[in-house]
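Listed here are the chains, written in short residue letters.
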Amino acid sequence: MALDFSQVTDVNEIHDQAIIQHFKNGINHKALVLSPSYPYIFIGIIKKVLGDTVEIDVETTHFAQLENRKWYIHIHNIEVFYIERPGAPKIPKLDDL
């Protein structure tokens, strides 16, 4: 039985669009983003979504020198994320852990 790869592309496009929309809905909310590439963790406020890139005003990351800056993260470089919503659990401050 032959595989129809055109459906895989559609599924990936649907997946990407859903993640993009989720981040758009999270503008002005705090997010925690884990990435498989350096610097690995970003915690900050979502400012914009530009195509398939998320602009985050980063408050916390692994290195103080990289904090308090805007980072542009491509959705394909996001491994795991959490966006705070009203009534949902808050992202803890790293110095509180």
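Small disclaimer: the values here were computed from a predicted structure and weren't measured.

S.K.: Is there a simple way to think about the overall build of the protein chain in this case?
M.R.: What the protein chain contains, in helices and strands, is one helix and five strands. Counted from the first residue to the last, the protein chain has its helices and strands arranged as α-β-β-β-β-β. When burial is assessed residue by residue, the protein chain has 32% of its 97 residues classed as buried. Counted over contacts in the protein chain with a minimum sequence separation of 6, partners at least 24 positions apart contribute 40%. In the form shown here, the protein chain has an accessible surface area of approximately 6,600 Å², with 56% of it arising from carbon and sulfur atoms.

S.K.: Even after reading the chapter, I still don't get the packing of aromatic side chains, so can you show me in this structure?
M.R.: In this description, a pair of aromatic rings is defined by centroid distance and the angle of the planes. Going through the model one piece at a time under the given rule, you end up with four aromatic pairs. With centroids separated by 4.7 Å and ring planes inclined at 45°, the aromatic side chains of Phe23 and Phe81 adopt a geometry described as tilted. With Phe23 in helix α1 (residues 5-25) and Phe81 in strand β5 (residues 80-83), this pair connects stretches of sequence that are 58 residues apart. Both rings, one in Tyr38 and one in Tyr40, keep their centres 6.0 Å apart while their planes meet at 85°; by these two values the pair is edge-to-face. By the ring-pair criterion, three or more aromatic residues cluster together here, those being Tyr38, Tyr40 and Phe63.

The rules behind each value
- Residues numbered from 1 in each chain as written.
- Predicted model: local features only at pLDDT ≥ 70, side-chain atom pairs only at ≥ 80, totals over all residues.
- Heavy atoms only, no water.
- Helix = DSSP H or I, 4+ residues; strand = E, 2+ residues; numbered from the N terminus.
- Buried < 20%, exposed > 50% of the residue type's maximum accessible area, 1.4 Å probe, protein only.
- Contact = heavy atoms within 4.5 Å.
- Areas by Shrake-Rupley, 256 points an atom, 1.4 Å probe, with all protein chains shown as cover.
- Phe/Tyr/Trp six-rings, centres within 6.5 Å; stacked < 30°, edge-to-face > 60°.

None of this, on its own, says anything about what the molecule does.
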